[in-house]
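So the chains spell out like this:
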Amino acid sequence: MKIVLTIFLIIFSLVITFSQASVVDFCVADYTAPNGPAGYSCKSPAKVTVDDFVYSGLGKVGNTSNIIKAAVTPAFDAQFAGVNGLGISVARLDFEPDGVVPLHTHPGASEVIVVVQGTLCAGFVSSENKVYIKTLR
Ligand SMILES: *[C@@H]1O[C@H](CO)[C@@H](O)[C@H](O)[C@H]1NC(C)=O
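- The name an unreviewed UniProt entry assigns to the protein chain is Auxin-binding protein ABP19a, from the organism Stylosanthes scabra.
- Recorded in UniProt under Subcellular location (unreviewed entry), the annotation for the protein chain is "Secreted, Extracellular space, Apoplast".
- Listed in UniProt under the heading Sequence similarities (unreviewed entry), the comment for the protein chain reads: "Belongs to the germin family."

This is the structure in structure tokens:
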């Protein structure tokens, strides 16, 4: 009986250990450590505050006085500590008339565009070289 109870307690403690290890709510960027291919290291949870999950930089109009007449304001892990390691990021794009974002790639990534004001011609080329293009309003 004692052996059964001991085995039960060992299994029970393993289940608790694994279930706690598998729950990771966030990995707020630790800007004091270098950035690596997998993002920033995680800030100590004791040092995380609610401000790490709030980013207000997208409320400001980007500077479109440049050759492409467009501005990209990122809210990536480098600007927005709370998205570090989550596989998501946000950006604000501002365009002048005839502004353009040059052809570029996001290998293995997905993108959603929300047009808040005006009209935008947007699209992408698939891996099979098929073009998907649409005017968004
Ligand atoms: C916008 O960018 C241009 C070109 O770099 C610069 O001359 C101008 O001062 C910038 N304007 C603002 C408001 O930052």
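From this point, the narrative continues.
A closer look at the overall build of the protein chain
Move 1: For the protein chain, the helix and strand inventory stands at 1 helix and 4 strands.
Move 2: Starting at the N terminus, the α and β elements of the protein chain follow one another as α-β-β-β-β.
Move 3: Split into buried and exposed, the 137 residues of the protein chain put 16% on the buried side.
Move 4: Contacts spanning at least 24 positions in sequence make up 41% of the contacts within the protein chain whose residues lie at least 6 apart.
Move 5: Carbon and sulfur atoms form 63% of the exposed surface of the protein chain, whose accessible area is close to 11000 Å².

Some thoughts on the pattern of salt bridges
Move 1: The final tally for this structure, using the stated rule, is 2 salt bridges.
Move 2: Residue Asp 94 is joined to Arg 92 by a salt bridge in which the shortest nitrogen-to-oxygen separation is 2.8 Å.
Move 3: By relative accessible area, which is 13% here, Asp 94 ends up buried.
Move 4: On the basis of relative accessibility, which here comes to 21%, the residue Arg 92 falls in the partly exposed class.

Cut-offs applied
Residues numbered from 1 in each chain as written. Predicted model: local features only at pLDDT ≥ 70, side-chain atom pairs only at ≥ 80, totals over all residues. Heavy atoms only, no water. UniProt positions renumbered as here; feature names shortened; annotations may be inferred. Helix = DSSP H or I, 4+ residues; strand = E, 2+ residues; numbered from the N terminus. Buried < 20%, exposed > 50% of the residue type's maximum accessible area, 1.4 Å probe, protein only. Contact = heavy atoms within 4.5 Å. Areas by Shrake-Rupley, 256 points an atom, 1.4 Å probe, with all protein chains shown as cover. Salt bridge = Lys/Arg side-chain N within 4 Å of Asp/Glu carboxyl O.

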